[in-house]
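Commentary on secondary and tertiary structure
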Amino acid sequence: MIGLISATAAGAAARDRLAAAWPDRTRVYDGPVGDAVRRAFAECEQLVCFLATGAVVRLIAPLLGDKASDPGVVCVDEGGRFAVSLVGGHGGGANELAREVGELLGAEPVVTTATDAVGVPGLDTLGLPVEGAVAAVSRALLDGEPIALHNESGWPLPPLPVVAEGAYGIRVTDRLVEPPAEHEVVLRPPTLVVGVGASKGAPVEEVLELIEGSLREAGLSSQSIAHLATVDAKAQEPGIVAAAERLGVPLVTHSAEELAAIEVPNPSDAPLAAVGTPSVAEAAALVQGGELLVPKRKSAATPAMATCAVVRRPARGRLAVVGLGPGARDLLTPRAKAELRRASVLVGLDQYVDQIRDLLRPGTRVLESGLGAEEERARTAVEEARKGQAVALIGSGDAGVYAMASPALAEASDDIDVIGVPGVTAALAAAAILGAPLGHDHVAISLSDLHTPWEVIERRVRAAAEADIVVTFYNPRSRGRDWQLPKALAILAEHREPATPVGVVRNASRPDESVRLTTLAALDPAVVDMMTVVTVGNTATRDIAGRMVTPRGYRWQEGAK
């Protein structure tokens, strides 16, 4: 929960805007400011104070305890010009909150955390548990000291300025190690899957003691547990559920049929009779593959009510397929920005790379190429991910719509993690400019016959025409391909009136954007090129006050006549 505190009418107005935008995330604290800050500090994970920075510093100074547990605090000035990350930039999430608040209120986020200021990822922001000399190694990163990376698990990381040997070190491991040296940080990747079986009513203490003892004896860290796994029949077993909660990891369940198909070293008749599979702990741990580090073990109680097994899953490369939107920076989603900063390798068309180059962290390896190399870029991105890299493959609009997701996923197999990051498509950007042309059923059709025979394209256009569906044409016309758009419009004209509205948007959301609202009969194909999206309305679409509007339903349109 985010506590909101203000002292003046101007601050309250901005506070109320934030509360209205985030009703489920925020709580307004009224009353004397000092009391409000103290209550919010005790009750909330984060605070946004619409007060002077000096005032907030004095109010929270007696309340500060530990950076790992203090809430993140953001200050917004009376004029709403700046959102300052004051306390808990990383641990409390204040840096990201300042950016979110700034985006919502139109304020400039002010982040002074050293690593953020120079673009180096904070070691406590990598999404992995971290131990050791975090401050010392972070300072060494900022000072340009040689940092040695020992990535024992091959876990994909964002770009870090590291070398083979150095006075400072970053170790990525799931093994128990001696207390980190004065100049070393240990990152714990989620490589371990713990399979768990339990009799009905098994105490959580017995389950936890078994898991933690098994890991300890095997020299493994509980901080690297990815999840607990068991059979569906035990999905609600209190001891297992509570153990997962206390360890802070998900509980994943599998069907008895799925587990029975897994070959294990220690099958048993007891679980076969009880839940329908000869193995629960080992099979559940091995479902996704990996190395069995700890074979099935029973708890020490008499009778033993719990079993566990531990598997190290292989490190998997990460491929994020990122949609950049139609071009405007403010239409690039926060998730897309986060993935760009997470990537150690970026693959993309050169002109798209230029759009977002400033968002990349220092050290990101950029693999760019020109037009017509889509399949090569897809193969390159997948190959880099298979090497264990964190890769971002970028495309305009939404990467899954006439873009890079299709060729990339055709190349990829289940040996890498693939994350899709949606983006605002050209059709949606153009529609927002035109008005509401996509208010009812609509279809997007590419008129490029480079990958699709014209006979197939024509059949699709004809089907859309006969079905009275709004049509958005991608790739409508180029210098060497100038007859397809007139042909497609002629097909639509067989089923729609000459006065049917048609919207033509070029370079939607970019500085040289141009918009034209015309009709099916009046459209001149010569004004259209490959940077243009053409949207043709259906029989209900109307030009209303210069905006292209397709009613949500035909009955609504009939009632308006």
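Each remark here, short or long, concerns the structure printed above.
We now turn to the structure provided with this report. All residue numbers refer to position in the chain's written sequence, counted from 1. In view of the model being predicted, local features appear only for residues whose pLDDT reaches at least 70, and side-chain atom pairs are presented and counted only at 80 or more, with totals across whole chains, interfaces and linings using the full set of residues. Side-chain metrics rest on all non-hydrogen atoms present in the structure, leaving aside hydrogens and water.

**Observations concerning the overall build of the protein**
- A count of helices and strands for the protein gives 19 helices and 28 strands.
- Overall size of the protein, expressed as C-alpha extent along the three principal axes, is 85 × 65 × 55 Å.
- Buried residues are those whose accessible area, probed at 1.4 Å on protein chains only, stays under 20% of the maximum for their type, while exposed residues exceed 50% and partly exposed ones sit between those limits. For the protein, with 561 residues in total, the buried portion stands at 47%.
- In this description, contact between two residues means that some pair of their heavy atoms is separated by no more than 4.5 Å. Summarising the internal contacts of the protein: among those between residues at least 6 apart in sequence, 64% fall at separations of at least 24.
- Note on areas: these come from Shrake-Rupley sampling with a 1.4 Å probe, and a residue is covered only by the protein chains present in the view. A total of about 26100 Å² of accessible surface is found on the protein, and carbon and sulfur atoms cover 52% of it.
- Positive and negative side-chain charges of the protein, numbering 53 and 70 respectively, have mean locations separated by a distance of 3 Å. Secondary structure follows DSSP: runs of H or I at least 4 residues long count as helices, runs of E at least 2 residues long count as strands, and numbering of each begins at the N terminus. Working convention for charge: Lys and Arg count positive, Asp and Glu count negative, and His plus the chain ends are omitted. All charge positions are set by atom: Lys at NZ, Arg at CZ, Asp at CG, Glu at CD.

**Focus: the sheet that holds strand β27 (residues 542-544)**
- Strands are treated as partners if at least two bridges between them are detected by DSSP. Pairing is mixed in the open sheet, where three strands are placed in the order β21-β28-β27. Only two strands of the sheet have a single partner each, and these edge strands are β21 (435-436) and β27.
- Across three bridges, β27 lies against strand β28 (residues 547-549) in antiparallel orientation. The partner of Arg-542 across the bridge, within β28, is Val-549.

**Some details on the nonpolar core**
- In plain words, nonpolar cores are sets of buried Ala, Val, Leu, Ile, Met, Phe, Trp, Tyr and Cys residues tied together by side-chain atoms within 4.5 Å. By size, the foremost hydrophobic cluster in this structure holds 23 residues, and its most contacted members are Val-194, Ile-211 and Leu-228.
- For this core, the element with the most residues is helix α7 (residues 204-217), which contributes six residues.
- Apart from the residues within four sequence positions on either side, Val-194 is in contact with Ile-211, Ile-225, His-227, Leu-228, Ala-229, Cys-308, Ala-309 and Val-310.
- Formed by 21 residues, the second largest nonpolar core is a distinct cluster that contains Ile-457, Val-461, Ala-465 and Val-528.

**Points about the packing of helix α1 (residues 9-21) against helix α4 (residues 94-105)**
- As a packed pair, α1 and α4 sit with axes 11 Å apart at the nearest point and diverge in direction by 105°. By the criterion of interaxial angle, the relationship of α1 to α4 is roughly perpendicular. Of the residues in α4, those in contact with Ala-14, Arg-17, Leu-18 and Ala-21 of α1 are Val-101, Leu-104 and Leu-105. An axis is simply a line fitted to the C-alpha atoms; with a helix, the fit covers only the stretch in contact. Between two such axes, the angle follows the N-to-C directions and lies from 0 to 180 degrees. Any angle that falls under 35 degrees is termed roughly parallel, while one over 145 is termed roughly antiparallel, one within 65 to 115 roughly perpendicular, and all others oblique.

**As for the packing of aromatic side chains**
- In this analysis, rings of Phe, Tyr and Trp, with Trp reduced to its six-membered ring, are considered paired at centre separations within 6.5 Å, and the interplanar angle assigns stacked below 30 degrees, edge-to-face beyond 60, and tilted for intermediate values. Scanning the entire structure with this criterion turns up two aromatic pairs.
- Between the aromatic rings of Tyr-402 and Tyr-474, the centroid separation amounts to 4.8 Å while the plane-to-plane angle is 50°, which identifies the pairing as tilted. Of the two residues, Tyr-402 sits in the loop between β19 (390-395) and α15 (405-411) while Tyr-474 sits in strand β23 (residues 470-474), which places them 72 residues apart along the sequence.
- For the pair Trp-454 and Trp-483, a centre-to-centre distance of 5.0 Å together with 70° between the ring planes defines the contact as edge-to-face. Taken together, the positions of Trp-454 in helix α17 (residues 454-466) and Trp-483 in the loop between β23 and α18 (484-493) put the pair 29 residues apart, joining distant regions of the chain.
- With relative accessibility at 10%, the residue Trp-454 sits in the buried group.
- Only lysine NZ and arginine CZ atoms are considered, and such an atom sits over a ring when it is within 6 Å of the ring centre and within 35 degrees of the ring normal. Here the basic side chain of Arg-25 rests over the ring of Trp-22, its NZ or CZ set 4.3 Å away from the ring centre.

**Observations regarding the sheet that holds strand β10 (residues 184-187)**
- An order of β7-β10-β9-β8 is seen for the four strands of this open sheet, with the pairing classed as mixed. Sheet topology places β7 (130-132) and β8 (147-151) at the edges, where each strand pairs with a single neighbour. Across the sheet, the axes of successive neighbouring strands diverge by a mean angle of 20°, strand direction being ignored.

**Quick look at the pairing of strand β24 (residues 501-506)**
- Along β24, five of the six residues are buried, which leaves the element largely enclosed by surrounding structure.
- Note that β24 and strand β26 (residues 532-536) share five bridges and pair antiparallel. Across the sheet, residue Val-505 finds its bridge partner in β26, namely Val-533.

**Topic: helix α12 (residues 334-342)**
- Those residues of α12 that fall on the buried side of the exposure criterion are Ala-336, Glu-339 and Leu-340. Projected down its long axis, α12 shows its buried positions confined to an angular sector of 100°, all on one face. To be clear, the arc concerns the directions from the helix axis to the C-beta atoms.

**Thoughts on the side chain of Ser-299**
- Examined against the element boundaries, Ser-299 turns out to sit in the loop between β14 (291-298) and β15 (306-312).
- The class of Ser-299 is buried, set by a relative accessible area of 8%.
- Two N or O atoms count as a polar contact when they lie within 3.5 Å, although within protein this holds only if one can serve as hydrogen donor and the other as acceptor, and sequence-adjacent residues are included solely when both atoms are side-chain atoms. A distance of 3.3 Å separates the side chain of Ser-299 from the backbone nitrogen of Met-305, its partner in a polar contact.
- Beyond its immediate chain neighbours, meaning those up to four positions away, Ser-299 contacts Glu-206, Leu-210, Ala-304, Met-305 and Ala-306.

**Quick look at the packing of α17 against α18**
- For the pair α17 and α18, the least separation of the axes is 9 Å and the interaxial angle reads 30°. Comparing the axis directions of α17 and α18 gives the class roughly parallel. In terms of crossing hand, the pair formed by α17 and α18 is right-handed. The residues of α18 that touch α17, namely those facing Trp-454, Glu-458, Val-461, Arg-462 and Ala-465, are Gln-484, Lys-487, Ala-488, Ile-491 and Leu-492.
- The classification used treats Ala, Val, Leu, Ile, Met, Phe, Trp, Tyr, Cys and Pro as nonpolar, Asp, Glu, Lys and Arg as charged, and all other residues, Gly among them, as polar. Residue composition of the contact of α17 with α18, grouped by class: six nonpolar, one polar and three charged. Each helix crossing is assigned a hand: it is left-handed if the near helix lies turned anticlockwise from the far helix by less than a right angle, otherwise right-handed if that turn is clockwise.

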